[in-house]
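Below, each chain spelled out in residue letters.
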Amino acid sequence: MKSPENQQSNPYLHNLRIQGERAIAIIRLFVIAMILLFAVVIMLETIDSGIKVDFFIEIICIVVATILSLWIIRITKQKIYYDWMKYLVPFLDITLLSIVIYIISLHGESTLLVMHGAAPLLYFVFLVLSALRNSISSVIVTGVYISLSYGLLSLLSAMEFRLMETGYNVFTSSLGMKIIIMPDDEIIKIVIFGMVTAL
């Protein structure tokens, strides 16, 4: 871990990373607000059966992400940036996002949410935002971790709906929409994450 003073050896890059991390922190707060709204809606829909422990785990993840964002905004105001932030911060982002997505997926439309909902978009957003850190190694690490995380979520969902055995499944959403889900589609998405990382 380098001190802020040591990072001043390249003031231009240092300032770019500060601005990039600050921008990501602000965008993260908007993402947190959307996820919180979604979590509350699901909680209200299932409140008849009682508030489950899952909801409190979601709240903990959201609180941690919020504290992280506010801390980053605070230190970047003071022009402070640490080298470890370009690896640890995206790791925390993707880990917390994956936990929340998985927990939300336990409450009903898991396949629709994980494979055809907002999950791929949110991962893609964080992958693109990683470019603001102005670090090739950070983008590569983020892209690899996103691919692994999304792949694990897809595998869990595929096992739940026995997609590995049948090769496909027809899923009906709460809106009455019939969606044909195939494991090959998820492999393609993981490859796309890898291609975007390479770009």
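These numbers were taken from a predicted model, which means no experiment stands behind them.

Q: Hey, could you go over the overall build of the chain for me, with residue numbers and the actual values?
A: Tallying secondary structure elements over the chain gives nine helices and two strands in all. For the chain, the N- to C-terminal ordering of α and β elements is α-α-α-α-α-α-α-α-β-β-α. Classification of the 199 residues of the chain by burial places 42% in the buried group. About 11000 Å² of surface is accessible on the chain, with carbon and sulfur atoms providing 72% of the total.

Q: So what's going on with the packing of aromatic side chains? Residues and values would help.
A: Scanning all chains against the criterion turns up four aromatic pairs. Aromatic pair Tyr123 and Tyr150: ring centres 5.9 Å apart, planes at 80°, arrangement edge-to-face. In this pair, Tyr123 is assigned in helix H6 (residues 119–129) and Tyr150 in helix H7 (residues 136–160), connecting sequence segments 27 residues apart. In this structure an aromatic cluster arises from ring pairing among Trp71, Tyr82 and Trp84.

Q: I'd like to hear about the pattern of salt bridges, residue by residue, with values.
A: Considering all chains together, one arrives at four salt bridges under this definition. Between Arg28 and Asp93 there is a salt bridge whose closest N-O contact spans 2.6 Å. Within this pair, whereas Arg28 is found in helix H2 (residues 11–45), its partner Asp93 is found in helix H4 (residues 85–105), the two being separated by 65 residues in sequence. A relative accessible area of 2% means that Arg28 is categorised as buried. Notably, a salt bridge pairs Asp93 with Arg133, separated by 3.9 Å at the nearest N-O pair. Highlighted residues: Asp93 in helix H4 and Arg133 in the loop between H6 and H7, separated in sequence by 40 residues. Under the relative-accessibility criterion, Asp93 is labelled buried at 6%. Relative accessible area serves as the criterion here: at 2%, Arg133 is assigned to the buried category. Three or more residues are tied together by salt bridges with common partners; here these are Glu21, Arg28, Asp93 and Arg133.

Q: Residues and numbers for empty space enclosed by the protein, please.
A: This structure, assessed with the given rule, holds two cavities of 30 Å³ or more. A volume near 130 Å³ is recorded for the largest cavity. Lining the largest cavity are Arg28, Val31, Ile32, Ile35, Cys61, Ile62, Ala65, Asp93, Leu96, Leu97, Val100 and Phe126. Where the lining of the largest cavity is concerned, the elements lending two or more residues are H2, helix H3 (53–77) and H4. Residues belonging to the lining of the largest cavity are distributed by class as follows: ten nonpolar, no polar and two charged.

Q: Explain the nonpolar core to me, and be specific about the residues and the numbers.
A: Counting residues in hydrophobic clusters, the biggest one holds 19 residues, and the most contacted among them are Ile35, Leu97 and Tyr123. Elements with a contribution of two residues or more to this core: H2, H3, H4, H6 and H7. Looking at this core, the element that brings in the most residues is H4, giving six residues. Non-local contacts of Leu97, meaning those with residues more than four positions away in its chain, are made with Ile35, Leu122, Tyr123 and Phe126. Counting eleven residues, the second largest nonpolar core, distinct from the first, contains Ile80, Tyr81, Tyr82 and Val89.

Q: Can you lay out the confidence of the model for the chain for me, pointing to particular residues and giving the numbers?
A: If pLDDT is low for a region, its predicted coordinates should not be looked at in detail. Put simply, the chain has an average pLDDT of 74, and 62% of its residues get 70 or more. When pLDDT is averaged over each helix and strand of the chain, the minimum, 47, is found for helix H1 (residues 4–7) and the maximum, 90, for H3. Across residues 163–170, where pLDDT falls below 50, the model places 21 contacts with residues more than four positions away in sequence or in other chains.

Q: Give me the lowdown on a nonpolar patch on the surface, citing residues and values where you can.
A: On the surface, a nonpolar cluster with roughly 340 Å² of combined accessible area is contributed by Tyr102, Leu152, Leu155 and Leu156. Per-element tally for the nonpolar patch: the top contributor is H7, with three residues. Along the chain, Tyr102 falls in helix H4. Tyr102 sits in the partly exposed class, given a relative accessible area of 36%.

Cut-offs and rules
- Residues numbered from 1 in each chain as written.
- Predicted model: local features only at pLDDT ≥ 70, side-chain atom pairs only at ≥ 80, totals over all residues.
- Heavy atoms only, no water.
- Helix = DSSP H or I, 4+ residues; strand = E, 2+ residues; numbered from the N terminus.
- Buried < 20%, exposed > 50% of the residue type's maximum accessible area, 1.4 Å probe, protein only.
- Areas by Shrake-Rupley, 256 points an atom, 1.4 Å probe, with all protein chains shown as cover.
- Phe/Tyr/Trp six-rings, centres within 6.5 Å; stacked < 30°, edge-to-face > 60°.
- Salt bridge = Lys/Arg side-chain N within 4 Å of Asp/Glu carboxyl O.
- 1 Å grid on protein atoms, 1.4 Å probe; cavity = no way out; pocket = protein on both sides within 12 Å on 5 of 7 lines; lining within 4 Å.
- Points joined across faces, edges and corners; volume = space filled by probe spheres on them.
- Nonpolar A, V, L, I, M, F, W, Y, C, P; charged D, E, K, R; others polar.
- Core = buried A, V, L, I, M, F, W, Y, C linked by side-chain atoms within 4.5 Å.
- Contact = heavy atoms within 4.5 Å.
- pLDDT = per-residue confidence, 0-100.
- Patch = residues over 30% accessible without salt bridge, like charges linked within 9 Å, V, L, I, M, F, W, Y side chains within 5 Å.

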